[in-house]
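# Coordinates in review
This is what each chain is made of:
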Amino acid sequence: MGFSAHGSYEVIERFLKKYGKFMEFGQLQLNYLDWTFQKAAQKVALFNEWNIPVWVMEPLRGGRLAHLSEGEEAQLKAMRPDEAIPAWAFRFLLGLPEVKVILSGMSDMAQVKDNIATFAEERPLSETERSALIALGEGMYKHSALPCTACRYCTGHCPKHLNIPELIKLYNEHRFTGGGFIAPMALSALPESEWPSACIGCRSCEKVCPQQIKISEMMKDFTARLR
């Protein structure tokens, strides 16, 4: 029996405490961008604690890691001029011993042939290349993500008792991907009283935020993006 781990680390941890002994594998959104963005590194470590093999979904992040910007691509070409851009994402995963299956959607025969060629040749990343790849992934989202540190000063001042750090995390994901299913699915598991639309815009949270995040504006934008 297997399971698909879409939720936060805490949700997955609670699930494993209850059902982990029955799981033969876990399916996880895993790639070098989500290694830190979605805390995939921590989730992989959690799977290891339960001796659960990892099946990877979204290895190319919906194609984002197959089509880099000119500057991003230049960073990788400087290290391996002949390596195909999608191959970097696959080689990152091949360097993780916990990964047993990689699921990748392909649109045409050319992509099938390219992926077969990548997996047919063993070219593991060096530690320098791996670190550079993770740093590249972090740079993809950090310029647009709200800099929440989850200090939780805000939550004690929210009259609606919203889990503001978790909502900011979902907002960052939803904005970065331009939509997608992760945020709506996570919110669907919560009562509407805990959705961003429940924010009354009192700005009490903003008065104590060390990062000076305009939380009330984020809540409004998040609500609009979910419609």
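This text goes with the structure placed above it.
All figures in this text were calculated on a predicted structure; none of them were measured in a lab.

## Things to note about the overall build of the protein
When helices and strands are tallied, the protein shows ten helices and four strands. Its helices and strands taken in sequence order, the protein reads β-α-β-α-α-β-α-α-β-α-α-α-α-α from the N to the C terminus. For 227 residues, the compact-globule formula gives about 17 Å, and the C-alpha radius of gyration of the protein, at 19 Å, lands near that figure. Seen through its principal axes, the protein has C-alpha atoms that stretch 55 × 45 × 30 Å. Looking at the 227 residues of the protein, the share that counts as buried comes to 40%. For the protein, restricting intrachain contacts to residue pairs at least 6 apart in sequence, the fraction spanning at least 24 positions comes to 70%. Accessible surface, the protein: about 12,400 Å² in total, of which carbon and sulfur atoms supply 54%. Side-chain charges of the protein comprise 26 positive and 26 negative groups, with the mean position of each set lying 8 Å from the other.

## Quick look at the side chain of R91
For R91, the position within the fold is in helix α5 (residues 85–94). Within polar-contact distance, the side chain of R91 engages the backbone oxygen of T118 at 3.3 Å. Not counting residues up to four positions away in its chain, the partners in contact with R91 are R80, E83, T118, E121, R123 and L125.

## What about α5?
Within α5, eight of the ten residues are buried, leaving the element largely enclosed by the surrounding structure. Buried within α5 we find I85, A87, W88, A89, F90, R91, F92 and L93. Turning to α5, the residues buried within the fold contact α2 (34–37), β3 (54–57), α4 (70–79), β4 (99–102), α6 (109–120) and α7 (127–142).

## A word on a nonpolar patch on the surface
A cluster of nonpolar residues, M1, Y19 and F22, forms a patch on the protein surface that exposes about 330 Å² of accessible area. Summarising the element assignment, Y19 is placed in helix α1 (residues 9–19). Given the relative accessible area of 36%, Y19 is considered partly exposed.

## A closer look at the nonpolar core
Among the nonpolar cores identified, the biggest contains 38 residues, and F3, L30, Y32, W35, F47, F92 and L133 are the most heavily contacted of them. Of all the secondary-structure elements, those providing two or more residues to this core are β1 (2–5), α1, α2, α3 (40–49), β3, α5 and α7. Ranked by residue count, the leading element in this core is α5, at six residues. What F3 contacts, discounting residues up to four positions off in sequence, is I12, F15, L16, M23, F25, G26, Q27, F47 and I52.

## Describing the sheet that holds β4
Strand pairing in a sheet is mediated by backbone hydrogen bonds. Such pairs are either parallel or antiparallel. Strand order in the open sheet formed by four strands is β1-β2-β3-β4, with parallel pairing between adjacent strands. The open sheet has two edge strands, β1 and β4, and neither has a second partner. With direction set aside, neighbouring strand axes in the sheet form an average angle of 25°. Here four bridges tie strand β2 (residues 25–29) to β3, and the two strands are oriented parallel to one another. Of the residues in β3, the one forming a bridge with Q27 is W55.

## What to know about unusual backbone geometry
A positive phi angle, close to 55°, is found at R61, a residue other than glycine. Within the secondary structure layout, R61 lies in the loop between β3 and α4. Positive phi, normally seen in glycine, also occurs at Q212, with a value near 55°. One can find Q212 in the loop between α9 (182–188) and α10 (215–226). You can call Q212 exposed: its relative accessible area is 70%.

Criteria and cut-off values
Residues numbered from 1 in each chain as written. Predicted model: local features only at pLDDT ≥ 70, side-chain atom pairs only at ≥ 80, totals over all residues. Heavy atoms only, no water. Helix = DSSP H or I, 4+ residues; strand = E, 2+ residues; numbered from the N terminus. Rg over C-alpha atoms; globule rule 2.2 N^0.38 Å. Buried < 20%, exposed > 50% of the residue type's maximum accessible area, 1.4 Å probe, protein only. Contact = heavy atoms within 4.5 Å. Areas by Shrake-Rupley, 256 points an atom, 1.4 Å probe, with all protein chains shown as cover. Lys, Arg positive; Asp, Glu negative; His and termini not counted. Charge placed at Lys NZ, Arg CZ, Asp CG, Glu CD. Polar contact = N/O pair within 3.5 Å; in protein donor to acceptor, adjacent residues only side chain to side chain. Patch = residues over 30% accessible without salt bridge, like charges linked within 9 Å, V, L, I, M, F, W, Y side chains within 5 Å. Salt bridge = Lys/Arg side-chain N within 4 Å of Asp/Glu carboxyl O. Core = buried A, V, L, I, M, F, W, Y, C linked by side-chain atoms within 4.5 Å. Pairing = 2+ DSSP bridges. Axes fitted to C-alpha atoms, helices over the stretch in contact; angles between N-to-C directions.

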